[in-house]
Each structure stands twice: as C-alpha cells, then as structure tokens.
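# Topology and contacts: notes
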Amino acid sequence: MQPAKESGLSLSLERKLKLHEARESIIGRLAADLPTSINLDTFLRVIVAELGQMMEVDRCDIIKLTPEGELQVSQEWRASDAVPSSLDARIPVDVSTLSEYIDIKRPIRLNDTSSPKLDHKVRFFAKSLGTRSLLIVPVVLDNEVLGLIGLHQTRAPRQWTDEEVSFLVSIATQLAIGYQYTRIYTNQKREAETTKALLEIANVLNGVSDFGEVTSGVMERTLSLVGADYCALGVLDSDEKRIRLAAFKAAPHAVTDRVRGLIEAYGQSLDITAYPAMVEVLAQGKTLRLLEKDLPLPLRMMFNATLGGRAALVSPVRVGIHTFGLLGLVWSQPREAFKDQEISLVEGIADQIGTALQRDHLSAEVMRLKHALHERYGEDRIIGQAPAIRRAIELALNVADTQTSVLIQGESGTGKELLANLIHLNSGREDQPYIKLNCGAIPETLLESELFGHEKGAFTDARARRRGRFEEADGGTLFLDEVGEMSLAAQVRLLRVLQDGEFTRVGGNDVLKADVRIIAASNVNLEQAVDSGKFRRDVFYRLSVFPIQLPPLRDRPEDTHLLVIHFLEHYKQRTGRFVQGISREALRALTSYDWPGNVRELENAIERAVIIAAGRQIELVDLPAAIANAVSKRDAMLRAERAHAAREGRSASLEIEVPSSMDEIERKAIEATLDYTSGDKTRAARLLNIGRKTIYRKLDQYNGKRVEPEADGD
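Residues numbered from 1 in each chain as written. Predicted model: local features only at pLDDT ≥ 70, side-chain atom pairs only at ≥ 80, totals over all residues. Heavy atoms only, no water.

Once that is clear, we can look at the overall build of the chain. Broken down by element type, the chain carries 25 helices and 21 strands. Across the 714 residues in the chain, those meeting the buried criterion constitute 44%. A fraction of 64% describes how many contacts in the chain between residues 6 or more apart in sequence connect residues 24 or more apart. Just so you have it, the chain exposes about 36,800 Å², and 50% of that area is on carbon and sulfur atoms. (Helix = DSSP H or I, 4+ residues; strand = E, 2+ residues; numbered from the N terminus. Buried < 20%, exposed > 50% of the residue type's maximum accessible area, 1.4 Å probe, protein only. Contact = heavy atoms within 4.5 Å. Areas by Shrake-Rupley, 256 points an atom, 1.4 Å probe, with all protein chains shown as cover.)

Let us look at the confidence of the model for the chain. Overall, the prediction assigns the chain a mean pLDDT of 78, with 76% of residues at 70 or greater. Within the chain, no element has a lower average pLDDT than helix H11 (residues 362-381), which sits at 42, and none a higher one than strand E13 (residues 406-409), at 95. Considering only residues more than four positions removed or in separate chains, one finds that residues 33-38, a stretch of pLDDT under 50, has eight contacts. Here residues 359-380 is a poorly scored stretch, pLDDT under 50, and it has 51 contacts once near neighbours within four places are set aside; other chains count. (pLDDT = per-residue confidence, 0-100.)

Tracing the sequence through the fold places Arg-577 in the loop between helix H19 (560-575) and helix H20 (584-592). Residue class for Arg-577 comes out partly exposed when judged on its relative accessible area of 33%. For the pair Arg-577 and Ile-611, spaced 34 residues apart in the sequence, the C-alpha separation amounts to 6.9 Å. Within the structure, Arg-577 has its side chain in polar contact with the backbone oxygen of Ile-611 (distance 2.9 Å). (Polar contact = N/O pair within 3.5 Å; in protein donor to acceptor, adjacent residues only side chain to side chain.)

Right, let's talk about the sheet that holds strand E14 (residues 434-438) for a bit. Taken together, the five strands give an open sheet; going across it, the order is E14-E17-E20-E13-E21, and neighbouring strands pair in parallel fashion. With one partner strand each, in any of the chains shown, E14 and strand E21 (546-549) form the two edges of the open sheet. Strand-to-strand, the axes of this sheet are offset by a mean angle of 15°, without reference to chain direction. Sheet topology places E13 next to strand E20 (residues 517-522); four bridges connect them, and they run parallel. Across the sheet, residue Gln-409 finds its bridge partner in E20, namely Ser-522. (Pairing = 2+ DSSP bridges. Axes fitted to C-alpha atoms, helices over the stretch in contact; angles between N-to-C directions.)

Moving on, we come to the nonpolar core. The tendency in soluble globular proteins is for nonpolar side chains to be buried side by side. Grouped together as the largest cluster of nonpolar side chains are 32 residues, with contacts concentrated most on Phe-470, Leu-480, Val-483 and Phe-535. The element best represented in this core is helix H16 (residues 488-500), accounting for five residues. With residues up to four places along the chain from it excluded, the contact list for Val-483 reads Leu-407, Cys-439, Ala-520, Ala-521, Ser-522, Leu-526, Phe-535 and Leu-543. Leu-563, Ile-582, Leu-587 and Ile-618 belong to the second-largest nonpolar core, a separate cluster that totals 27 residues. (Core = buried A, V, L, I, M, F, W, Y, C linked by side-chain atoms within 4.5 Å.)

Let us look at the packing of helix H14 (residues 444-452) against H16. Closest axis-to-axis distance for the H14/H16 pair is 9 Å, and the angle between their directions is 15°. Relative to H16, H14 is oriented roughly parallel. Crossing angle aside, the handedness with which H14 passes H16 is right-handed. Between H14, through Leu-447, Glu-448 and Phe-452, and H16, the contact on the second element is made entirely by Ala-489, Ala-490, Arg-493, Leu-494 and Val-497. (Parallel < 35°, antiparallel > 145°, perpendicular 65-115°, else oblique. Left-handed = near helix turned anticlockwise from the far one by under 90°.)

Moving on, we get to the sheet that holds strand E3 (residues 90-91). In a beta sheet, neighbouring strands are held together by backbone hydrogen bonds and run either parallel or antiparallel to one another. Within the open sheet, the six strands sit side by side as E3-E2-E1-E6-E5-E4. Their pairing is antiparallel. Only two strands of the sheet have a single partner each, and these edge strands are E3 and strand E4 (108-110). Direction of pairing for E4 relative to strand E5 (residues 133-141): antiparallel, over a ladder of three bridges. For Leu-110, the partnering residue across the bridge sits in E5 and is Leu-134.

Relative to the helices and strands, Val-139 is located in strand E5. Among the residues examined, Val-139 registers a relative accessible area of 4% and is labelled buried.

Of note, Asp-88 is a non-glycine position whose phi angle comes to about 70°, a positive value. For Asp-88, the location among the structural elements is in the loop between strand E2 (71-78) and E3. Phi at Asn-598 takes a positive value of approximately 60°, unusual for a residue other than glycine. Relative to the assigned elements, Asn-598 resides in helix H21 (residues 598-612). A relative accessible area of 0% places Asn-598 in the buried class.

We now examine the side chain of Glu-450. Residue position: Glu-450 is located in helix H14. Residue class for Glu-450 comes out buried when judged on its relative accessible area of 17%.

A separate point is the side chain of Arg-335. Its place among the elements puts Arg-335 in the loop between strand E12 (322-331) and helix H10 (340-356). A polar atom in the side chain of Arg-335 sits 2.7 Å from the side chain of Glu-342. Residues contacting Arg-335, with those up to four places away along its chain left out, are Leu-291, Ala-311 and Glu-342.

With that settled, consider the packing of aromatic side chains. Following the criterion strictly, the structure yields seven aromatic pairs and no others. Here the aromatic rings of Phe-540 and Tyr-541 are separated by 5.6 Å at their centres, their planes lie at 55°, and the arrangement is tilted. Using a relative accessible area of 8% as the deciding quantity, one classes Phe-540 as buried. Taking 4.7 Å as the distance between ring centres and 90° as the angle between the ring planes, the aromatic pair formed by Tyr-593 and Trp-595 counts as edge-to-face. By relative accessible area, Tyr-593 is classed as buried at 14%. A connected cluster of aromatic rings, assembled from ring pairs, spans Phe-452, Phe-470 and Phe-503. (Phe/Tyr/Trp six-rings, centres within 6.5 Å; stacked < 30°, edge-to-face > 60°.)

And the structure:
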C-alpha cells in the first residue's frame, strides 16, 4: 500500500501563510520554554489544540509507543464534545506487526479509512481511533519513533494536501528536538537529586557513631526518599549461608503486622541457601527488582500475603569488596517499573551503610559526596560534549583529590581557569584559600614580591612587610595563570618552593614553609619554550607532573551551538534584556566561524548581540564584523566555485542543513543555480525546470517585495 500517496490538491496562499505563522509560533514557544520549564507534557497539550484548530480537523492527538509495543493516546484536542474521545486509549496493535504493512517512520496519509484497498489491520487501527480520514506524522529522533502526531476527521473523508503533510513534518521535527532537550535536562536533574539525597544520608551517617542509631536514621530517611512502606537490613553470618536481621524500619502509614509476625515466628536468622534469588544478588552484586506482575502466581500470592508486598528492591551492602549483607525495601502498592534514579539512590544508600561500618572512612564518604555536588557545579560551568573537552574534565576530576601539581595548557579563551576551579572545588581543600595570580599581568620586577612577599625596605616603596601569595594560599590552592610569562629569576625561586615547600620573602632571610597545591596554566607551549631557553626545564617538569590539554573551540565545533544557547540565556538574565532567540542565519554564522579567540570570543560576541538585539531575535547584523565578514567571504568563495564549475561543464554541490523548511531549501537551490549561471535567470530557470517568471517572482519575494500569484510561463 502507499499511505502517503501524493495529492493533487493545493492550499491557498492565505492558508499557507497561516500554516507558516502557526509553525513559527510553535517553534518560538518551544525554544522559549525548553531552557526554563522543560515541561513537555504541558507543551504538547497546547500544541494539539493549536494544530487541531489550525488544520480544521475533528480531533488532533499525540500517540505514544508504550514499553509493551502498543500505541496509546497521551494528549488530545477535540473540536466539540460530539467528537468521540480516545484519550488514554491503548490501541491493541503490535507496532512491530503494524510495521510490516506501513512504514511508521514516514508520514501516513489515509484519505478514506474505509477503503477496501487498505489492509484489514490498517482499517482496524483506524477504526480503533474512530477515524474516517487520518493523517499521521511520526516524531523521530536518531531513527527511533518516539510518538505520532495524528489529525482525524471522524465524520467524512478528507483529501490531505502535500502542504499539510510538509507542515506537520516540520512540527514533528521540532518536537523531536524538544524530546532531546527534555531527556538531557531530566537526566541531569535526576542525577543532581540523587547526589543531594545521598549527601543527606551521608550527613546522617556522619552525625552519630553508634551503628544502631546510624542505621535507624538512614533507613527512616530512605523510606521518605523512595516512598517505600518498610525496609530491612540483613547481615550475613561468617559462613555467608545465613542472614540475620540487623535493623527494621516502617513508614508511619505502613501496615506491617504480618511481617513483624513473620520475624517473631522465624527469629532473627534465615537460611539464604533456600532462596536462589538472594544468593544471586550476593554473588553478582546487582540489585534485585521484584514486581508482582513478573512473579509466577504461587510466588506472587506468597509475596502479597506474607510480606504484604507488591514490589521490592534488594541491594547488596558491601564493605570494600566484601559483601556484608542486604538492604531490602518493600512497597505495598503495585508498580509498573522502577526508575533508574531510584535504583541508583538505593544502591548509593547501601554503599553508605557499608561505609558506616568503617568509621575511619566515614568522613571520606561525606567528602566524596560533596565532591559529587561540586563536580555537578563544575560541569555546569564547563559547557561541552565533545570527546576532547569531556576527557579534560575527566582528567581534572581524577587528579583533583591528590596533591599533584597540574599544568593546564591551551590557547587563550579555552577555559583554563574554569578547569582549575573545578580541580580546586573537588580537591578536599575547597574550604581553604584559593589564590589566583596572573603572572603575565604583573611587571617582572614585582612578580617575586607578589609570589613570596617582601620585607619592609626591601625596595623603594616597600614601606611595610607584605605577605606573598604562597603565604596567603597556605593549606589551599595557588593558581598560576600564564606561568610561561614568568621571568627566569622568578622561576629559580619558584623551583625551591616546588621542591621542598620553602621560600623567603624578598629582602628577608627567614625561611618560611607553605603547604600549597599548585595549578599552573599557560597559553604558550611550555615544551617549546624550554627548547628555546625561555623556560627552565626543571621548573617545567615540576609543574607538569599531571598535564591537561584543553582543545581550542575550532576543534570541537559540535559544542558551539550549546555554548551559544548557554551564553544567550546567561546574558538575557544578566542584562535584563529580553531577546526572542537567534535567527538561523546568525546561528549558522556562529557555528561555522573558526573562533581564534575561542570560548571567550564567542561569549563576548553573544553579550554584544544580546544588548544590540534587545526586544527581537539576534540577526547576522548584530554579530561582530569579523563573523559577518567570514560569512561574506565564504559565500563569495562558494559563488566563485559554482561559476568555475559551470565554465568547466561539471556540476556543483549544494549543502542543505537538516532541519530546513521547503522554502529555505527552495531559496538555496535557486540562489545556488543563479551563482552557477553567473546570474543568467533564463538559463537558471531552464536548469531548475521552472518558468522564468517564477524566478523573478521568487527573487522579489526574497528581497522583501510584496508579490501577487500569477501564471507561470516564459
């Protein structure tokens, strides 16, 4: 069958204009809402209402794919109460079977669902929706169908036009982007919530030393966090064949008479060899998920009657590499599944209970969780998903809690100071001084005094003793930025501190000591500086015990879009200017620019554009001249290449971004063909297989002139 067969019908210009305005409104709302609210369900409810009214249909809905492979109507709009509702209805059509008859990854256009030419499964699908005429467009992300947008006529057949299909496809593309942003946001939010909850548990563990008090407090907090009815902690005997109850806690609302009776009847110890599932949990170290729907009927009845449970989680408790026992949580209400963040939270709590058995390690556990929170903060500041920048962050976090000197190298504006901040925040010294010194911004004659301090009278204007940065940073971290600008004399004195932690003030004789962690940064290649004699080799080796290289922005172009969105939102809030967004042309210019000044140059460009474009979206003219000139130069090169290809009698390529509207694709094709023909409109029309008057009309339209539709021809 051909469900998306082309239609000969076309829409009026007024109708097309309304569709385009509706699409821009929807895209604008999506762009405005996603960075702040990320409430896709609310957004979808608004979308189906707008689409339904705009398309003048009886019903518009969003159909999602369930984990069981069925279809479910999740959002719905109806033109009137007389139109039958299918909201929350599950359509008993297996998606894999349906895919054998129609391609659900492509638009499906059924003008008359009662047609005998349609397969009976397709007719059954349409009848399940109470639909006489149906247009469905999939929401696809990374070749995965996330859901379907459906337009329905329930009373009479309708001929769906090509323009209507194209319009719905463009909306589906934007919704797919919304899904992607929501996934990213939700995953980060869940991770942050889990880390915060684990830190609260760690604070409970650190607040008392008695194991009984610790477990009681932890389990009480656990119940409130995950909403379980009760939890129990079992400890293995030395032979690891029996487990005894060490602690039991129930929520205030829970009914646990049967469970408590079971504990009294069988005592505090249980032979685990009779329960293979428990043995497997202990052996594999993986959390066991129990859902009553997955249990055989006899086990389900025992689970319900004896334990009063409908769902449960059982996680191993470890001390180092040794399994100490099991932490179990039971819910009395049925559940469809457990969320990943719930599993992570329970496993994290189990790990911390194990840590509580090693009191000497308790503070380290609290510190680890604080580091996790700082890591979350640090990664929020360092924007990027490119492998090179993620690797740099990973290396920084690996070395953070050591005393090792770190050398961060990278071009100016790549974020070396942000990476140094991340290291300090996760170093264990984050509550101690964090002193920063830009070695390139201080005159050579004063640099030694800045580093090591000076005594009164050491030089002209030294009217009093002054502490240096090493003294100020004692116990904490000293960040030496642009260390490659340091004089050779200052490097000699720095070497002594790096070797034994000792130094003297300028003009003084007293030997001082400082416990300082050094993080150095340089925008010049220090190895080359060593070879040229501008930097001491011994100092270089002391500083670069753990080198980290930050990539320039041009080497991670996939991050430019993320940075643009980040800085746009940041400076909208900071300046108080409301900017609606950024045009496609401006964004294309930003993402294709080489950025010799790296992230700092990009940040400055966005700050400037936000100020200039207040009250409207950022356009190409709002960007710095260097970026606009680069676009003009690139366009000129493309035009020259196309004209050269035409002279040689060969074809030229045309790059199209996805997603792009049909109007944008059409405009690019016309303009590129005119480049190819050196502006010869007659020849361009012939190559495009369109009328010459169409070319003139389109060009007037692109230049902002009002044009009236007219018959095409030569």
